[in-house]
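# Descriptive structure summary
As a plain string of letters, each chain reads:
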Amino acid sequence: MNVNTIKYEWFGNMKGDILSGTVVALALIPEAIAFSIIAGVNPMVGLYASFCIALVIAFVGGRPAMISAATGATALLMGGLVKDHGLQYLLAATILTGMIQIIFGSLKVARLMKFIPRSVMVGFVNSLAILIFMAQLTHFKGQSWVMYAMVSGGLAIIYLFPRLTKAVPSPLVAIIIITIISVATGAHVNTVGDLGQLKQALPTFWLPHVPFHLETLRIIFPYSLGIAVVGLIESLLTAQIVDDLTDTTSDKNREARGQGIANIVSGFFGGMAGCAMIGQSGINVKSGGRGRLSTFWAAIFLMILIVALNNVLVKIPMAALVAVMFMVCIGTFDWSSLKKLPIMPKSETAVMLITVITVVATDNLSIGVLIGVILSAIFFASKISKVDIKTFSVKGSSKKIYRVSGQLFFASVTDFVNYFDFKEEIAEVDIDLSHAHLWDDSAIGSIDKVVMKYQQNGVKVNLIGLNTESTKLLDQLSVHNTAGSIKEAANQ
C-alpha cells in the first residue's frame, strides 16, 4: 500500500468521516449494551469490545468505512458458554476466535465465499433476525403493562422521528425519551444498571483467568470455531455490501485477518468477540463515511461517551433497548425474500427455509450455513446430473451411434450406463461425446464399464468427440484398453 493510498483512506474525506463516525458512535451504545445482554455478560463487555474492535479494524481491516464491533450474530453463540463457564472462558474463547480467523485469512478463505449461494445468505440474515427477536422475549417475563407500553413507544419514536429530522439517530432519541419518562415517573421496570455495574473507566489489559490445559481448549474451541465462521461470513458479506454502496473494492483476506487481530485485542482488554455490522456500516456510508478515519473516530467518540455518560447509562430502561433490538430485527430480516417465495425455484426456497429452520432449532448460525451449503450442492448436482442420450442406426451396416449430451460425474453415471443395451446384436458402436464432459473418476469408470461390456460381447467401441480435458482424464484413469479388462467386465 503506497503513501497516497494511505493518505486518501485516512484523510481524503475528513469532514464526512468525522460526522459519520459521530453518528455511528451514538448508535453503537444501545446496540453494544443490548448485544451484551444477549450474550449474558455485563454491558461493559460489549462496550469495551465495540471500542477495541472498531479501533483496531480501522488500521488492519481490508475495507475502509466498514464498522466492526460487538454484534448480535456473534453474541447469540456465546450464551451457552457464559452460562456454563462464566466470563473468563468467554474472553479466552474470544482470543482463540481471533487466532482461528487469522489462520482463515492466511489461507485466503475469503475466496470460499463464492460457494455460499444467495439463498443460504438470505437464510442466514433471516435466521439472525429471528434469533435476536427471540432473545428479547425473555425481558418481558414478569413485567407489567408498562414494559409493553414503553417498547411500543420506543418503536414509534424510532420509525416516526426520522420524518422530522435525520440529523440525530432515532434509536438514540428513543432511548433518551424513554429513559426520561422512566426516571420522571419512577416506573418499575428493569434498567441497564440492574444487569451489572458499568465502569467509568478505559479498558485495561488482562489475561483471562482460566486453566491453561487441554480441557479448557476442549470447552472453548467449539464456541470459538462457530463464532469465527459466523463472524467472517457476516464481515465478508458486509464488505461486499459496502463495496457495492461505494463502487469500490476491498481486500477480503486482509479483512479476515484484521477481524482476527481485532478480536484478539478485544479478548485481552475485557471485550467479547465481534465482527462487521451490516446495519452500522450502512449508516456510516449513508452518513458520508468513506475512509478509515470514520471507523477510528467512531471508536474514540464511543469511549468518550462511556466515560462521560456513565451515570446516565445505568438508568436506561431495558424497554428502550428491546425496542432498539426489535428495530435491528426488522432491518436485518430480508422481507423481499417473502415476496419472492412464490416465484423462486423450489430448490432455492427449500434451501433458504431449511437454513432458517436449522439455525433456529440449533441456535447456531454456522450449522445452519453448513447445512444450507451442503443442500445447495446436492440440488445443484441433481440439476446437472441429467444426461441426454440419442441413438442413431447406420443404414446398411450393423453400427449404432450414441450421442451423449451433459455432464458425466458421480451423480449422473448410473443413468448413463443403464441407457445402453449390451445384448443388442450389433458389430460396432460409436459413443459421441462431443457435447459431454468427463469430470471425475466415476465418469471414467462408467466409460470403462460400457466399453468393456461391449467388448465382452465382441462389439467394437469407438469413443469420439472428447474434449482435451476429458481425453487427458481418460488417458490417466481408464482401464478398458489394459490387459484383463474384458475379464473384469465379466465380473461386474
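For the structure itself, look to the data block above.
Residues numbered from 1 in each chain as written. Predicted model: local features only at pLDDT ≥ 70, side-chain atom pairs only at ≥ 80, totals over all residues. Heavy atoms only, no water.

### Here's the deal with the overall build of the protein chain
Helix and strand content of the protein chain: 22 helices and six strands. Relative to its length of 492 residues, the protein chain is extended, with a C-alpha radius of gyration of 29 Å against a globular reference of 23 Å. For the protein chain, the spread of C-alpha atoms along the principal axes amounts to about 100 × 50 × 50 Å. For the protein chain, the proportion of its 492 residues judged to be buried stands at 52%. Considering only contacts in the protein chain between residues 6 or more positions apart, those separated by 24 or more positions represent 84%. The averaged location of the 29 negative side-chain charges in the protein chain is 7 Å from the averaged location of its 36 positive side-chain charges. (Helix = DSSP H or I, 4+ residues; strand = E, 2+ residues; numbered from the N terminus. Rg over C-alpha atoms; globule rule 2.2 N^0.38 Å. Buried < 20%, exposed > 50% of the residue type's maximum accessible area, 1.4 Å probe, protein only. Contact = heavy atoms within 4.5 Å. Lys, Arg positive; Asp, Glu negative; His and termini not counted. Charge placed at Lys NZ, Arg CZ, Asp CG, Glu CD.)

### Notes on the pattern of salt bridges
Summed over all chains, the structure comprises eight salt bridges. We note a salt bridge from Arg 63 to Asp 243, for which the minimum N-O separation is 2.5 Å. Separated by 180 residues along the polypeptide, Arg 63 in the loop between helix H3 (43-60) and strand S1 (68-69) and Asp 243 in helix H10 (residues 214-246) bring together distant segments of the chain. Across the pair Glu 424 and Lys 400 runs a salt bridge whose closest N-O atoms are separated by 3.0 Å. Of this pair, Glu 424 sits in the loop between helix H19 (413-418) and strand S5 (428-438) while Lys 400 sits in strand S4 (residues 399-408), and the two are 24 residues apart along the sequence. When its relative accessible area of 24% is taken as the criterion, Glu 424 is described as partly exposed. Through salt bridges with shared partners, a single network forms among Arg 63, Asp 243 and Lys 252. (Salt bridge = Lys/Arg side-chain N within 4 Å of Asp/Glu carboxyl O.)

### Focus on the state of the cysteines
Here the structure, examined in full by the defined rule, presents zero disulfides. Cys 52 takes part in no disulfide bond, and the closest cysteine sulfur to it belongs to Cys 275, at a distance of 16 Å. (Disulfide = S-S within 2.5 Å.)

### Quick word on the pairing of S4
Within a regular strand, side chains alternate between the sheet's two faces. In terms of strand pairing, strand S3 (residues 388-393) meets S4 through six bridges, oriented antiparallel. Residue pairing across strands places Thr 391 opposite Tyr 402, the latter belonging to S4. Linking two consecutive strands that pair antiparallel, namely S3 and S4, is a turn of five residues; a positive phi of about 80° is found at Gly 396 within it. As judged from the nine bridges shared by S4 and S5, these two strands associate in the parallel manner. In the strand pairing of S5, Ser 405 is matched with His 435. Handedness of the crossover joining S4 and S5 through H19 is recorded here as right-handed. (Pairing = 2+ DSSP bridges. Right-handed = clockwise from strand over helix to strand, strands pointing away.)

### With respect to the side chain of Asn 253
Looking at the element boundaries, Asn 253 is found in helix H11 (residues 252-268). Asn 253 gets classed as buried once you look at its relative accessible area, which sits at 17%. Separated by 3.3 Å, the side chain of Asn 253 and the backbone nitrogen of Ala 110 make a polar contact. Ignoring any residue separated from it by four or fewer positions in sequence, one finds Asn 253 in contact with Gly 105, Lys 108, Val 109, Ala 110 and Arg 111. (Polar contact = N/O pair within 3.5 Å; in protein donor to acceptor, adjacent residues only side chain to side chain.)

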